[in-house]
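Close look at the chain arrangement
Residues per chain are reported as follows:
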Amino acid sequence: MTRRFVVVTLLLLALSASSAFADNVSGKMTVVQTNSNGMRFFFGPQKLSLFTTSAEHRELLLGAFLRKANVDAAYTKIACPGGITGTCGTVTFVSVDVTAIP
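Now for a quick tour of the structure.

Each value, and the rule that gives it
Residues numbered from 1 in each chain as written. Predicted model: local features only at pLDDT ≥ 70, side-chain atom pairs only at ≥ 80, totals over all residues. Heavy atoms only, no water. Core = buried A, V, L, I, M, F, W, Y, C linked by side-chain atoms within 4.5 Å. Buried < 20%, exposed > 50% of the residue type's maximum accessible area, 1.4 Å probe, protein only. Helix = DSSP H or I, 4+ residues; strand = E, 2+ residues; numbered from the N terminus. Contact = heavy atoms within 4.5 Å. Salt bridge = Lys/Arg side-chain N within 4 Å of Asp/Glu carboxyl O. Pairing = 2+ DSSP bridges. Axes fitted to C-alpha atoms, helices over the stretch in contact; angles between N-to-C directions. Expected span 1.5 Å × (residues − 1). Arc of directions from axis to C-beta. Disulfide = S-S within 2.5 Å.

Some details on the nonpolar core
Residues Val25, Met29, Phe43, Leu50, Leu61 and Val71 are the most contacted members of the largest nonpolar core, which totals 16 residues. Secondary structure elements with two or more residues in this core: β3 (38-43), β4 (48-52), α2 (55-66), β5 (71-78) and β6 (87-96). Beyond its immediate chain neighbours, meaning those up to four positions away, Leu50 contacts Val25, Met39, Arg40, Phe41, Phe43, Ala73, Tyr75, Gly89 and Val91.

This is the structure we're talking about:
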């Protein structure tokens, strides 16, 4: 229990620190795509495409997508690559409910 408290506290501190420099999103992903920019995770209602090359972020986001879990993610805005519309960003932080990922 103490370890979980410490992990959650550290994650909240990291999110607070990253939110000063990044935007954030909370919701479910509707599409996942692999391309030359890494992996793209699309949040439909927000018209947001997030990219990541980080193995840890990719693993968490894929697990959340497959289980249709809610995700909280912080990201830094970037210009959308060829043909992608809406808002695009690079993932800086990911949080997924532990009950959704075994």
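A short note on the pattern of salt bridges
This structure, assessed with the given rule, holds one salt bridge. For Lys77, the salt bridge is made with Asp23, and the minimal N-O distance between the two is 3.7 Å. Separated by 54 residues along the polypeptide, Lys77 in strand β5 and Asp23 in strand β1 (residues 23-27) bring together distant segments of the chain.

What about the sheet that holds β1?
Read across the sheet, six strands follow the order β1-β5-β6-β4-β3-β2 without closing on themselves; strand pairing throughout is mixed. Each edge of the sheet is formed by a strand with only one pairing partner; in this case those strands are β1 and β2 (31-35). When strand polarity is set aside, the average angle formed by the axes of neighbouring strands in this sheet is 35°. Bridge analysis of β4 against β6 gives four bridges, and the strand direction is parallel. Directly across from Leu48, in β6, lies its bridge partner Thr87. In this fold α2 packs onto β2, β3, β4, β5 and β6, with an angle of close to 85° to the strand it touches most, β6.

Observations concerning α2
With 12 residues, α2 extends 16 Å from end C-alpha to end C-alpha; this agrees with the ideal 16 Å at 1.5 Å per step. For α2, the set of buried residues is His57, Leu61, Gly63 and Ala64. All buried residues of α2 lie within an arc of 160° about the axis, which places them on one face of the element. Among the exposed residues of α2, those oriented more than 90 degrees off its buried face are Glu59 and Leu66. Considering only its buried residues, α2 is in contact with β3, β4, β5 and β6. At the C-terminal side of α2, Lys68 shows a positive phi close to 55°.

Remarks on the state of the cysteines
In the structure shown here, the tally under the stated rule is one disulfide. The disulfide that involves Cys80 links it to Cys88, with 2.1 Å between the sulfurs. Residues Cys80 and Cys88 share a disulfide whose torsion about the S-S bond is about 110°; that sign makes it right-handed.

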